[in-house]
Amino acid sequence: MNLDGKIPKGALADKWSSHKFQMSLLAPAQKRHYKILVVGTGLAGASAAATLAELGYQVEAFCFQDSPRRAHSIAAQGGINACKNYQGDGDSVRRLFYDTIKGGDFRSREANVYRLAEESQNIIDQAVAQGVPFARDYGGFLDNRSFGGAQVSRTFYAKGQTGQQLLLGAYSALQRQVARGGVKLHTRTELLDIVVDHDEVKGIITRNLVSGKINRFAGHAVVLATGGYGNVFYLSTNALGSNVTATYRAYLRGAGFANPCFTQIHPTCIPVKGNYQSKLTLMSESLRNDGRVWVPKSGDPSRNPSQIAEEDRDYYLERIYPSFGNLVPRDIASRKAKEMCDAGKGVGPGGLGVYLDFSDAISRLGEKTMGERYGNLFDMYRQITGENPYKTPMRIYPAVHYTMGGLWVDYNLMSNIRGLHVIGEANFSDHGSNRLGASALMQGLADGYFILPYTISHYLASHKPTLTPLDNNLFNRVESQVTAKIRSLLSIGGSRSPHEFHRELGKIMWNYCGMSRTTEGLRSAIAKIQQLKQDFWQDLYIPGSAGTFNQTLESAGRVADFLSFGELMCQDALAREESCGGHFREEHQTSAGEAKRDDQKFAHVAVWQHVNQDRGSSGVKGDEMRPIKTKRHTEKLEFNEVQLTSRSYK
């Protein structure tokens, strides 16, 4: 496997501008001859599809929702980072670059992260021009607030609806191109496999989720913008439909999967209430600007919080991390909340919660100001819990949120399969082992609006790929494998729903590959997942047929991929004998309980290769049941601009 990152030479601050100048270009009239397939229409996919169509390419875009407006990007609440330095508090491209590298615990590429920091400034200008209603201060200028892992205010926001407002901007740009004929939009359409010939992508195989019809599409290039895989844990903050199928199918066809064990646990979620839940609700990290996190120092933690005196409250983040206080990065805040609950200080049902208290801010600023900043978040919390956060502290607990792992890509956002580009959360590139808050929206829009349009043009101009006819034997073979897998799923005739298997898998992943991991636990998880996979392929029940609207069949295909992918995640976590960011191995921690990196052995990207690229996608029941053989490769991370140091937020 060739893992050439194609990092440009020269000074870090000049790499991207020099690279853009040196890339091959296509004349406007030539772009009309190329077709690009964009899978996923969230922030990354919608912005990419709209921009590529604006440039003149033929674009076909695919989403499994009934509208791109339902993409999971709308769930991002708190804001988007950009180093505009409007506050005059010392922000800069260099500082955003450093905060992001440090926040990712030095497990990301310098060049990619610096480019992200550079493009962040353009994103805000683009969004404002589209009419995104960012908050403004008294004088009418764009306002900023702080997020975890930074000591400056660089987060632009639209109350607690930032993701939704940014998506509406990208959606409007996309729909403009749909109306003009530049983009052909396929809704209710799910990618089930990709077509690869001699390590070059040729197209995709999809299923219409309403009619059940299998379709094939050829393209000169394919862009995957299908989000993350947090739903492997069953309970997460992700939308119920979010899945790993697109990227995992690409992995089975030869694409390298990088750092799959790097999963972010968000500290500010509404705690689990019962087994009936199928997802969790995020309370934005922006709340930690004004909310103070605490637990009772002693006594019965189930007491009414109003009965706990100030001197009996442990504001543990402020105590342990005086420089950052409640705005430490997510991985640290999550682990400390777990430690408090494990020590018997947790609040609420089952002791799985800590308080997020706004009483100080309300007394200082007033309820009106708090409502202007966080009103919809407070309303959401009240509707879900029946409690008024203006009067009673919120109860929060960590939950699975974002995945930093994804398909390996080079500096041009292309995987090791030629022509297969991967953007947004679906790739691994920018966040290391922990994503700083408010940088997911930044990466998705940077990739879609400002990076991919340059790099995919370079690929098309320099490689000049040809369009494969749809009746080619290559498409015939892959489509037959897709239909064979569907038949296998429908023919099992067992007694258990895919929902049951998914929930059981989620418990295994959370218990053994969640906030903390151990050698023994990971080995146990792998064995349990392998057995669960056997049970799945022997006792699954799917009512109905393939040639119709069948949501159980949809779910079964996604759960089948989650089962195999969960095993890969545990293998990756087991092989990485260190703690870094969201990957916390209990065997590797400091005396103070912080993550302990091993830069001598693990300052690299771990990239997993599927050994037999046909067997895992054959659709044959016996093949699907067997453990998948993998090979681990590494891409060394070079640090020339930052010094590798132990992360400290104290």
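It should be emphasised that the depicted structure is a prediction, and the values quoted were computed from it without experimental measurement.

Engineer: Help me out: how do you make sense of the overall build of the protein chain in this one?
Structural biologist: Counting secondary structure elements, the protein chain contains 18 helices and 19 strands. The C-alpha radius of gyration of the protein chain comes to 24 Å, within 12% of the 26 Å expected for a compact globule of 650 residues. Taking the principal axes of its C-alpha atoms as reference, the protein chain extends roughly 75 × 55 × 50 Å. Looking at the protein chain as a whole, 63% of its 650 residues are labelled buried.

Engineer: Would you explain the domain arrangement of the protein chain in this entry?
Structural biologist: For interface size, the figure often reported is the accessible area lost on association. Domain boundaries in the protein chain define domain 1 (266-400) and domain 2 (481-636). Computed over C-alpha atoms only, the centres of domain 1 and domain 2 are separated by 32 Å. Between domain 1 and domain 2, the contact holds eleven residues from the first and eleven residues from the second. Overall, the association of domain 1 and domain 2 removes approximately 860 Å² of surface from exposure, summing both partners, and the carbon and sulfur fraction of that is 56%. By the criterion of area lost to domain 2, the three top residues of domain 1 are Asn275, Arg335 and Lys338, representing 48% of everything that side buries. If you look at where domain 1 meets domain 2, you find three residue pairs in polar contact (both at pLDDT 80 or more).

Engineer: Mind showing me how you'd approach helix α12 (residues 440-463) here?
Structural biologist: Note on helix geometry: an α-helix contains 3.6 residues per turn, so any two residues three or four positions apart are oriented the same way. The sharpest bend along α12 comes to roughly 55 degrees, located at isoleucine 451, with the proline proline 453 sitting one to four residues further on. Most of α12 is tucked away, with 19 of its 24 residues classed as buried. Once α12 finishes, lysine 464 follows within two positions and takes phi at roughly 45 degrees, a positive value.

Engineer: For this particular structure, what's the right way to read the sheet that holds strand β7 (residues 200-208)?
Structural biologist: Strands in a sheet are paired, the pairing made by backbone hydrogen bonds, and the direction either parallel or antiparallel. The three strands are arranged β6-β7-β8 in an open sheet whose pairing can be described as antiparallel. In this open sheet, the two strands that pair with only one neighbour each are β6 (189-197) and β8 (214-218). Looking at each pair of strands side by side, their axes are set apart by 25 degrees on average, direction ignored. Strand direction decides the pairing type here: β7 and β8, joined by five bridges, are antiparallel. If you follow threonine 206 over to β8, its bridge partner there is asparagine 215.

Engineer: What should I look at first to understand the packing of aromatic side chains in this one?
Structural biologist: The relation between two aromatic rings is expressed through the spacing of the ring centres and the mutual angle of the planes. In this structure the tally under the stated criterion is 23 aromatic pairs. The interplanar angle of 75 degrees and the centroid separation of 6.0 Å between the aromatic rings of tryptophan 16 and tyrosine 411 together place this pair among those described as edge-to-face. Placement of tryptophan 16 in helix α1 (residues 15-22) and of tyrosine 411 in the loop between β16 (406-407) and β17 (420-422) is noted, with a sequence separation of 395 residues between them. In this pair, the class of tryptophan 16 matches that of tyrosine 411, namely buried. With 4.6 Å between their ring centres and 65 degrees between their planes, tyrosine 229 and phenylalanine 565 make a pair best called edge-to-face. Separated by 336 residues along the polypeptide, tyrosine 229 in the loop between β9 (221-224) and α7 (245-252) and phenylalanine 565 in helix α16 (residues 551-575) bring together distant segments of the chain. Given the relative accessible area of 2%, tyrosine 229 is considered buried. The residue whose ring lies beneath arginine 115 is tyrosine 411, and the NZ or CZ to ring-centre distance is 4.0 Å. The ring centre of phenylalanine 64 lies 4.9 Å from the NZ or CZ of arginine 558, which sits over that ring.

Engineer: Sorry, what's going on with the sheet that holds strand β19 (residues 630-636) here?
Structural biologist: Taken in spatial order, the four strands make up an open sheet running β16-β10-β18-β19, and their pairing is antiparallel. Each edge of the open sheet carries a strand with a single partner, namely β16 and β19. Relative to strand β18 (residues 604-610), strand β10 (residues 257-258) is paired through two bridges, and the arrangement is antiparallel. By the bridge assignment for β18, phenylalanine 257 is matched with tryptophan 608. Lying over the sheet, α7 contacts β10, β16, β18 and β19, oriented at roughly 75 degrees with respect to β18. This element, α16, spans β10, β18 and β19 of the sheet and lies at about 140 degrees to β18.

Cut-off values and rules
Residues numbered from 1 in each chain as written. Predicted model: local features only at pLDDT ≥ 70, side-chain atom pairs only at ≥ 80, totals over all residues. Heavy atoms only, no water. Helix = DSSP H or I, 4+ residues; strand = E, 2+ residues; numbered from the N terminus. Rg over C-alpha atoms; globule rule 2.2 N^0.38 Å. Buried < 20%, exposed > 50% of the residue type's maximum accessible area, 1.4 Å probe, protein only. Domains from an automatic or database assignment. Contact = heavy atoms within 4.5 Å. Buried area = accessible area lost by both parts, 1.4 Å probe. Polar contact = N/O pair within 3.5 Å; in protein donor to acceptor, adjacent residues only side chain to side chain. Bend = angle between axes of the 7 residues up to and from the residue. Pairing = 2+ DSSP bridges. Axes fitted to C-alpha atoms, helices over the stretch in contact; angles between N-to-C directions. Phe/Tyr/Trp six-rings, centres within 6.5 Å; stacked < 30°, edge-to-face > 60°. Lys NZ or Arg CZ within 6 Å of the ring centre and 35° of its normal.

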